[in-house]
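# Close look at the chain arrangement
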Amino acid sequence: MNSSAAVPGFPGGTAVSGLRVYDWEAGDGLCGGSPHLHTVSSEAYLVTSGTGQVHTISMDGPAEHDLAAGSLLWFSPGTVHRLVNTAELTLNVIMSNAGLPEAGDSVLTFPRQILQDPDLYAQHAAFPPDADQSVISAAARRRRDLALEGYAELRQSVLRDGPEALVEFHRLAAALVRPKVERWKEIWAANVRSQMAATEQALLELANGSAASMAGAAVARGRQRTGERYGMCGRLTTWEDSRL
């Protein structure tokens with residue numbers, strides 16, 4: 001193993017993390033995370049242990065999907081999703097477009113008056129800087145509860161008015177993230193397009209009978225970062241990645 005090699009980008013321009021879904025009970029009696037969507041990236045859940053559900057709102061309307069060890073579920077950008085923990089739900093999260101979710105690709109389902117005000121949204125979405133774990137935990141729980149308030153409104157609107165209610169939420173989400181998009185283009189080019197270009201070059205070389213693309217054969221290990229951080233839906237475990 002070449003221990004001095006930089007950790008390469010995860011295969012396919014994706015990112016992987018471990019997730020222990022929050023066991024905090026919400027006002028509706030269910031335990032779990034903050035409803036949100038991703039504006040650009042697809043997401044997959046591979047359940048490793050425990051049981052639960054993911055509640056979604058897509059263009060097909062609201063739905064509930066059971067989760068248990070071995071379950072694999074994925075959804076495309078624009079799908080609102082809420083993880084529900086019924087018994088120590090733990091899973092691996094696989095995201096496309098590594099770097100974009102970390103750069104603010106997600107939008108929480110806050111009530112409409114907050115979604116319409118970028119400054120107010122940022123105020124409610126952010127955690128207090130340099131705070132201890134108990135303060136961050138309390139902030140994450142408040143953020144979750146506020147997102148559930150807006151989620152209940154959105155769900156009722158979709159049931160009453162159909163897909164157009166979700167389309168309107170998409171418009172609000174797009175307006176919120178628009179100032180970030182130029183930076184996202186740079187992240188995507190470095191993390192995803194560069195891998196696509198490398199694969200394209202390898203195919204051209206192989207078609208010409210060249211094995212040059214394999215000249216850099218090596219092994220690299222991504223080390224688990226210490227501690228967990230508070231995410232949208234639970235406590236996250238992450239690994240080193242040269243891009244992030």
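Residues numbered from 1 in each chain as written. Predicted model: local features only at pLDDT ≥ 70, side-chain atom pairs only at ≥ 80, totals over all residues. Heavy atoms only, no water.

### A few points about the packing of aromatic side chains
Overall, the coordinates contain five aromatic pairs when judged by the stated rule. Seen from their ring centres, Tyr22 and Trp24 are 4.0 Å apart, and the 10° between their planes marks the pair as stacked. Under the relative-accessibility criterion, Tyr22 is labelled buried at 0%. Aromatic pair Tyr22 and Tyr230: ring centres 6.2 Å apart, planes at 25°, arrangement stacked. Of this pair, Tyr22 sits in the loop between β1 (15-21) and β2 (36-38) while Tyr230 sits in strand β8 (residues 229-230), and the two are 208 residues apart along the sequence. These aromatic residues form a ring-pair network of at least three members: Tyr22, Trp24 and Tyr230. (Phe/Tyr/Trp six-rings, centres within 6.5 Å; stacked < 30°, edge-to-face > 60°. Buried < 20%, exposed > 50% of the residue type's maximum accessible area, 1.4 Å probe, protein only. Helix = DSSP H or I, 4+ residues; strand = E, 2+ residues; numbered from the N terminus.)

### A word on a nonpolar patch on the surface
Together, Leu46, Leu72 and Trp74 line one region of the surface with nonpolar side chains, adding up to about 340 Å² of accessible area. Tracing the chain through its elements places Trp74 in strand β5 (residues 72-75). Assessed through its relative accessible area of 61%, Trp74 is described here as exposed. (Patch = residues over 30% accessible without salt bridge, like charges linked within 9 Å, V, L, I, M, F, W, Y side chains within 5 Å. Areas by Shrake-Rupley, 256 points an atom, 1.4 Å probe, with all protein chains shown as cover. Salt bridge = Lys/Arg side-chain N within 4 Å of Asp/Glu carboxyl O.)

### Here's the deal with the pattern of salt bridges
Where side chains of opposite charge bring their charged atoms close, a pairing between them can arise. All chains considered together, the criterion is met by nine salt bridges. For Glu228, the salt bridge is made with Arg20, and the minimal N-O distance between the two is 2.7 Å. Separated by 208 residues along the polypeptide, Glu228 in the loop between α5 (181-207) and β8 and Arg20 in strand β1 bring together distant segments of the chain. For Glu228, a relative accessible area of 34% gives the class partly exposed. One salt bridge connects Arg160 with Asp161, and the closest N-O pair in it is separated by 3.2 Å.

### Quick notes on the side chain of Arg82
Along the chain, the position of Arg82 falls in strand β6 (residues 80-95). Setting aside residues no more than four positions away along its own chain, Arg82 makes contact with Ala26, Asp28, Leu30, Gly33, Pro35, Gln53, Val54, His55, Leu148 and Tyr151. (Contact = heavy atoms within 4.5 Å.)

### Observations regarding α5
Think of an α-helix as 3.6 residues a turn; residues three or four steps apart then line up on the same face. Between its first and last C-alpha atoms α5 spans 36 Å; for 27 residues at 1.5 Å apiece the expected length is 39 Å, and the two agree. At Ala189, α5 shows its strongest bend, of approximately 45°. Those residues of α5 lying buried are Trp184, Ile187, Ala189, Asn191, Val192, Ala202 and Glu205. Looking at the packing, one finds that the buried side of α5 touches α4 (163-177). Looking one or two residues beyond α5, the residue adopting positive phi is Gly209, at roughly 85°. (Expected span 1.5 Å × (residues − 1). Bend = angle between axes of the 7 residues up to and from the residue.)

### Observations concerning the state of the cysteines
Two cysteines whose sulfur atoms are joined by a covalent bond form what is called a disulfide. As enumerated under the stated definition, the model contains zero disulfides in all. Residue Cys31 stays outside any disulfide, its sulfur separated by 14 Å from that of Cys233, the closest cysteine. (Disulfide = S-S within 2.5 Å.)

### With respect to the pairing of β1
Successive residues of a regular strand alternate their side chains across the two faces of the sheet. Counting buried positions along β1 gives five out of seven residues, so the element sits mostly inside the fold. Relative to β6, β1 runs antiparallel, the two being bridged by six bridges. For Ala15, the partnering residue across the bridge sits in β6 and is Met95. Here β1 pairs with strand β9 (residues 234-238) via five bridges, running antiparallel. The partner of Gly18 across the bridge, within β9, is Thr237. (Pairing = 2+ DSSP bridges.)

### Describing the pairing of strand β3 (residues 43-58)
As paired elements, β3 and β5 share four bridges and run antiparallel to each other. The residue of β5 that forms the bridge with Glu43 is Phe75. Looking at chain direction, β3 and β6 are connected through 13 bridges and run antiparallel. From the neighbouring strand, Ile57 faces β6, where its bridge partner is Val80.

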